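Architecture at a glance
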Amino acid sequence: MTGIFAIVALSLNFQVGLTGLSNFGQAAFMMVGAYTSAMMYMAGVPFVFGVLAGMVISSIFALIIALPSHNLRADYWAIVSIAAAESLRLFVNNEKWLAEGPFGIRGIPRPLSSLFGDSYTLFYLALVAACLAVVYLALERLNHSPFGRVLRGLREAEDLMEALGKDVFRFKAVAMIIGGLVAALGGSLYAHYITFISPATFAPDVTFLIWTMMIVGGSGNAKGVLVGSLMITLLNTSTRLLKDYLYLPTSLVAALRTLSIGVLTIGFVVARPQGILPERKHVVSYGTEEGGS
């Protein structure tokens, strides 16, 4: 679960931490990947092609969000993203013919489960770790490329980048698309691991959880996002055991879990806004880029 959410958190970090896009609809890209992959695999399509299809459809959805938002400020961009995400979730929830509506999809097959038997969990762990490594290396390569320098320039001084002749909308749209397809990969892996998804699975609180991972770890720093993903996933899952030791009702444990994560987020925003591992400063000189403190 840490690896799956780390993939999605890295996608959000690429959009928000690197580019400065205020995206509050990241759960929607997970949802597109999860539903597409699950339905295609259950229809007989190979797992890899279902995942790729989810990533392609998620990219298209990201472009649809970006198109009407190119002239909007960051706060309005955030409103558009969460509105689009909720519209998609409510559409899937109300259209029962599409994917069983609010009842969701049950019994999603696990790929290659017959080959690994009792060792399947270890296989899936290796699969998620491999996907996480590929995503991390690819996004870091983009981060340190000329393309990444432009994205950081848009985050720091959009007007200046526009004055230098950069197509601001095109770079923002590409960043949104890349983040969308990576999040779809995480959603696909999630669906085949949990084996059940519904519109409630991708409610706005999932996006809030992913934002927390990025804020706590360090916005703009991929390594920090990995640390934040580990911390928040452990906190989010381990607190469920409180009901067994403190004999608390399940509803109260869920509320305490949300409260603890919220307090942690506020604490980092106030006391350490740069996160556990702050982003390193990038100095560009004579066509080269160097990292500095």
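Keep in mind it's a predicted model, so treat the numbers as computed, not measured. (Residues numbered from 1 in each chain as written. Predicted model: local features only at pLDDT ≥ 70, side-chain atom pairs only at ≥ 80, totals over all residues. Heavy atoms only, no water.)

**What about the packing of aromatic side chains?**
Taken as a whole and assessed by the stated rule, the structure comprises 11 aromatic pairs. Consider the rings of Tyr120 and Phe123, whose centres lie 5.4 Å apart with planes at 55 degrees: the pair is tilted. Residue Tyr120 and its partner Phe123 are both found in helix α7 (residues 120–143); the two are separated by three residues, about one turn of the helix. In terms of burial, Tyr120 and Phe123 fall into one category: buried. An aromatic cluster is present here, built from Phe116, Tyr120, Phe123, Tyr124 and Tyr193 joined pairwise through their rings. Geometry around Phe171 places Arg170 over its ring, the cationic atom sitting 4.8 Å from the centre. (Phe/Tyr/Trp six-rings, centres within 6.5 Å; stacked < 30°, edge-to-face > 60°. Helix = DSSP H or I, 4+ residues; strand = E, 2+ residues; numbered from the N terminus. Buried < 20%, exposed > 50% of the residue type's maximum accessible area, 1.4 Å probe, protein only. Lys NZ or Arg CZ within 6 Å of the ring centre and 35° of its normal.)

**What to know about the packing of α7 against helix α12 (residues 222–238)**
Contact geometry for α7 and α12: axes closest at 11 Å, N-to-C directions at 150 degrees. Between α7 and α12, the interaxial angle falls into the category roughly antiparallel. When α7 is examined against α12, the residues Leu132, Tyr136 and Glu140 are found in contact with a partner set consisting of Ala222, Lys223 and Leu226. In the contact of α7 with α12, the residues fall into four nonpolar, no polar and two charged. (Axes fitted to C-alpha atoms, helices over the stretch in contact; angles between N-to-C directions. Parallel < 35°, antiparallel > 145°, perpendicular 65-115°, else oblique. Contact = heavy atoms within 4.5 Å. Nonpolar A, V, L, I, M, F, W, Y, C, P; charged D, E, K, R; others polar.)

**Topic: the pattern of salt bridges**
One pass over the full model with this rule turns up four salt bridges. Its salt-bridge partner being Arg89, residue Glu86 comes within 2.9 Å of it at the nearest N-O pair. Of this pair, Glu86 and Arg89 both sit in helix α4 (residues 74–94), three residues apart, roughly one helical turn. According to the relative accessible area criterion, Arg89 is buried, its value standing at 15%. One salt bridge connects Arg155 with Glu156, and the closest N-O pair in it is separated by 3.0 Å. A relative accessible area of 59% places Glu156 in the exposed class. Members of the salt-bridge network, linked through shared partners, are Arg155, Glu156 and Glu279. (Salt bridge = Lys/Arg side-chain N within 4 Å of Asp/Glu carboxyl O.)

**Some details on the packing of helix α11 (residues 204–217) against α12**
Geometry of a packed helix pair, given as the angle between the helix axes and the separation of the axes. Viewed as axis vectors pointing N to C, α11 and α12 meet at an angle of 125 degrees, and their least axial separation amounts to 7 Å. Relative to α12, the element α11 lies oblique. In this structure, α11 crosses over α12, and the sense of that crossing is right-handed. Seen from α11, the contacting residues are Leu209, Thr212, Met213, Met214, Val216 and Gly217; seen from α12, they are Gly224, Val225, Gly228, Ser229, Met231, Ile232, Thr233 and Asn236. In terms of residue class, the contact of α11 with α12 is made up of seven nonpolar, seven polar and no charged. (Left-handed = near helix turned anticlockwise from the far one by under 90°.)

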